[in-house]
Amino acid sequence: MPLHRPRTTVRATAVRAAAALAAVAALATGCASGSGGTAAPAAAVTANAPAAQAADTAAPAVRGTPGPQDLQVIRGFTDAANRGDVARITASYAPDAHFDRAGAHFTGRDEIVEAFLRPDVVDDDGHYREIAVTTRDGRTVVEYIFTTGSGVTEHFTYAYLIRDEVITDVVGRYV
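These figures come from a predicted structure and were not determined experimentally. (Residues numbered from 1 in each chain as written. Predicted model: local features only at pLDDT ≥ 70, side-chain atom pairs only at ≥ 80, totals over all residues. Heavy atoms only, no water.)

Draft legend 1. Fine view of the overall build of the protein chain. Across its full length, the protein chain holds six helices and six strands. Starting at the N terminus and ending at the C terminus, the protein chain contains elements arranged as α-α-α-α-α-β-β-α-β-β-β-β. A buried classification covers 35% of the 175 residues belonging to the protein chain. For the protein chain, restricting intrachain contacts to residue pairs at least 6 apart in sequence, the fraction spanning at least 24 positions comes to 50%. When the accessible surface of the protein chain is totalled, it reaches about 9,200 Å², and 56% of it is carbon and sulfur. (Helix = DSSP H or I, 4+ residues; strand = E, 2+ residues; numbered from the N terminus. Buried < 20%, exposed > 50% of the residue type's maximum accessible area, 1.4 Å probe, protein only. Contact = heavy atoms within 4.5 Å. Areas by Shrake-Rupley, 256 points an atom, 1.4 Å probe, with all protein chains shown as cover.)

See the structure below:
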C-alpha cells in the first residue's frame, strides 16, 4: 500500500495541529490586546512551528494548470506502475530522487523502487486511479484512489516535482 500510515493517526495529527494553531492565535491575540501590545514569547511560537507546517500540508490545493510535460512524466509513471513495469517505473525517477510517503522517506530511485514501489504497488498488484490534478507551490499534485489486488483502497495525493522530464521529489499524503 502506498502510504502505510493509519488514517486515524493522520486525522489525530491534523486535530492536534489545529488545536495548537488555535492556542497560538489565542496567545497572540491575548498578548496583543491584553498586555499592552507585548508580543508573544518567541519560544511559544517556535514550539508550535511543526503544527503550523502540518496545517499548511493539509490545506486545500490552489487550482492551477499543470505543465503538459509534467503530466506526461507522471502519467508515464502511473501507467508503468499499473502494468507492473519495474524498469519503466525506475526510469521515471531521477537517480537522486526523494519520496516522502506520509513521513516515511526514501532517497534515490533504487530505494524508492525496491523498498517501496515494488513491494507495495507492483507485488501487491496495486492500481492507481487518478481523480484530480492541480498545482501547488510549483508541484503537480495528483489525487488518487489506490486499490490493491486484495481489495484494500486508499485515497491520497502525490505532489510531484519534475525536472528534466524525470520525477525528482514526491510528497504523498492521505486525503
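Draft legend 2. A look at the pattern of salt bridges. Considering all chains together, one arrives at six salt bridges under this definition. Notably, a salt bridge pairs arginine 75 with glutamate 130, separated by 2.6 Å at the nearest N-O pair. Here arginine 75, found in helix α4 (residues 68-83), pairs with glutamate 130, found in strand β3 (residues 127-136); they are 55 residues apart in sequence, far enough to count as distant. Among the residues examined, glutamate 130 registers a relative accessible area of 30% and is labelled partly exposed. Among the salt bridges present, the one from arginine 118 reaches glutamate 114, with a minimum N-O distance of 3.0 Å. Here the residue arginine 118 and the residue glutamate 114 both occupy positions in helix α6 (residues 109-122), the gap between them amounting to four residues, near one helical turn. (Salt bridge = Lys/Arg side-chain N within 4 Å of Asp/Glu carboxyl O.)

Draft legend 3. Spotlight on α6. The terminal C-alpha atoms of α6, which comprises 14 residues, lie only 15 Å apart, well short of the 20 Å expected from a rise of 1.5 Å per residue. Approximately 35° is the largest bend angle found in α6, and it occurs at phenylalanine 116, with the proline proline 119 only one to four residues beyond. Taken as a whole, α6 has its buried residues at Ile112, Val113, Phe116, Leu117, Asp120, Val121 and Val122. (Expected span 1.5 Å × (residues − 1). Bend = angle between axes of the 7 residues up to and from the residue.)

Draft legend 4. Representation of the environment of valine 121 within the structure. Note on placement: valine 121 falls in helix α6. Under the relative-accessibility criterion, valine 121 is labelled buried at 2%.

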